Amino acid sequence: NSVRVVMRPRTKPIDGELVLITGSGGGLGRLFAQEFTKHGAEVVLWDINGTLNEQTAKLVREMGGKAHTYTVDVTNREDVYRNAELVRKDLGRDVTMLVNNAGVVAGERMLDCPDELIERTMKVNCHALFWTVKAFLPQMKAQNHGHIITIASILGLFSTACDYCASKFAAVGFHESLAHELLTEEFEGVKTTLVCPYIVDTGMFEGCKIREEVELLLPPLEPQYCVEQAMNAILIDQPLVCIPRLTYLYTFILTRDYTVFLCTSIA
Ligand SMILES: NC(=O)C1=CN([C@@H]2O[C@H](COP(=O)(O)OP(=O)(O)OC[C@H]3O[C@@H](n4cnc5c(N)ncnc54)[C@H](OP(=O)(O)O)[C@@H]3O)[C@@H](O)[C@H]2O)C=CC1
Ligand SMILES: CC1=C(/C=C/C(C)=C/C=C/C(C)=C/C=O)C(C)(C)CCC1
């Protein structure tokens, strides 16, 4: 790893890869679709909102890329398995890269948060990871070739917002167990990247109030910057990326109490 810091590893070519992105109807998912297209990959777009997903596909096609859209609720495992089969049938080939990006937040304090919203957050941000990985990992293992990318959050490493943090801690735990399993089973051709961004200006956290001093120190990230940083990590098979780099420091030195002091939670 120290060698990695001094000499940047060579990026892998991904033209010819079939990349499935969840939550591709907007925000980071849409930008990931465009970024993978720039690198020559073909994209499969899964979103619960068909109209917004078609708009993403249009943008990809305007760039000269190939996009295939499916309206999928990733929390519904039957829907996931059915559509995974459909993708394989329609395209006649296997998905080789999976970007688990779909995510939601309830944004209420613990006792004010309706039970249904808590369940939804856990289902989208955590349970869905099991369904999509169960749908696509077998093909990757069979070829000993693939890449699973989990878009978690810096809030999967330290906590501030109840439903969201719990779900992202779970996503981090899921991802790390998966990475360990692949290592111990010696599927060295199936790579994993855990992406942990700080707050990004996509609208997802519009109601979020961050303390002024924190915002001065670290303003919300530009979505394009976030996706480019994540892509850089994916292309060198980096196992974990915190965005921006400064947050590595805080992630490892902060105690939970100090974090709670600095952040006011999502309002
Ligand atoms: N924005 C931020 O500050 C940060 C975001 N992240 C993570 O990045 C990822 C992307 O976030 P961002 O782009 O900001 O969020 P957006 O809300 O902009 O995009 C999320 C997309 O996921 C879709 N989606 C939601 N539920 C489902 C579902 N059940 N099945 C399929 N698709 C679904 C949404 O559709 P619809 O709009 O119809 O609900 C939307 O198109 C999330 O996992 C988020 O937690 C991490 C760190 C910071
Ligand atoms: C506490 C704290 C920070 C603030 C973190 C916040 C407010 C993160 C919010 C992240 C979100 C909303 C992520 C969504 O997925 C810094 C500036 C990192 C460093 C100083 C300590």
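Scroll up for the structure.
Residues numbered from 1 in each chain as written. Chains lettered and ligands numbered in written order. Predicted model: local features only at pLDDT ≥ 70, side-chain atom pairs only at ≥ 80, totals over all residues.

Enquirer: Looking at this model, I keep getting lost on the sheet that holds strand β7 (residues 240-243). Mind explaining?
Expert: Within a sheet, each strand pairs with its neighbour through backbone hydrogen bonds, oriented either parallel or antiparallel. One open sheet holds the seven strands; their spatial order is β3-β2-β1-β4-β5-β6-β7, and the pairing between them is parallel. The strands lining the two open edges of the sheet, one partner per strand, are β3 (67-71) and β7. For this sheet the average axis-to-axis angle between neighbouring strands, irrespective of direction, equals 15 degrees. Bridge analysis of strand β4 (residues 97-100) against strand β5 (residues 146-151) gives four bridges, and the strand direction is parallel. Residue pairing for β5: Asn 100 is matched across the bridge by Thr 150. Contacts between helix α4 (residues 77-91) and the sheet are confined to β1 (18-22), β2 (42-47) and β3, with β3 contributing the most and set at about 150 degrees to the helix. Against the sheet, helix α6 (residues 162-184) engages β5 and β6 (190-197), with an angle of about 160 degrees to β6. (Pairing = 2+ DSSP bridges. Helix = DSSP H or I, 4+ residues; strand = E, 2+ residues; numbered from the N terminus. Axes fitted to C-alpha atoms, helices over the stretch in contact; angles between N-to-C directions. Contact = placed C-beta atoms within 7 Å.)

Enquirer: Looking at this structure, how should I read unusual backbone geometry?
Expert: Glycine aside, a negative phi is what most residues show, and trans is what most peptide bonds show. Pro 244 follows Ile 243 through a cis peptide bond whose omega is -5 degrees. Relative to the assigned elements, Pro 244 resides in the loop between β7 and α9 (246-253). Despite not being glycine, Asn 144 shows a phi value in the positive range, around 45 degrees. Position of Asn 144 among the secondary structure elements: in the loop between α5 (115-143) and β5. The exposure class of Asn 144 is exposed, given the 12 C-beta atoms found within 10 Å. Positive phi values are uncommon outside glycine, yet Asp 237 reaches one of about 55 degrees. With 13 C-beta atoms counted inside 10 Å, the residue Asp 237 sits in the partly exposed group. (Buried ≥ 20, exposed ≤ 12 C-beta atoms within 10 Å, placed from the backbone.)

Enquirer: Help me out: how do you make sense of the site of ligand 1 in this one?
Expert: Taken together, 29 residues surround ligand 1, and among them Gly 23, Gly 25, Gly 27, Gly 103 and Thr 202 come closest. Per-element accounting of the shell around ligand 1 gives the leading share, three residues, to helix α2 (residues 27-38). Looking at the shell around ligand 1 residue by residue, the class counts come to 14 nonpolar, 13 polar and two charged. (Near = placed C-beta within 6 Å. Nonpolar A, V, L, I, M, F, W, Y, C, P; charged D, E, K, R; others polar.)

Enquirer: Teacher, can you tell me more about the packing of α2 against helix α8 (residues 223-235) here?
Expert: In a pair of packed helices, the angle between the axes and the distance between the axes together describe the arrangement. α8 packs onto α2 with a crossing angle of 55 degrees between their chain directions and a minimal axis gap of 10 Å. The angle between α2 and α8 places the two elements in the oblique class. By crossing handedness, the relation of α2 to α8 is classed as right-handed. Of the residues in α8, those in contact with Gly 27, Leu 28, Leu 31, Phe 32 and Glu 35 of α2 are Pro 223, Gln 224, Cys 226, Val 227 and Met 231. Residue composition of the contact of α2 with α8, by class: seven nonpolar, two polar and one charged. (Parallel < 35°, antiparallel > 145°, perpendicular 65-115°, else oblique. Left-handed = near helix turned anticlockwise from the far one by under 90°.)

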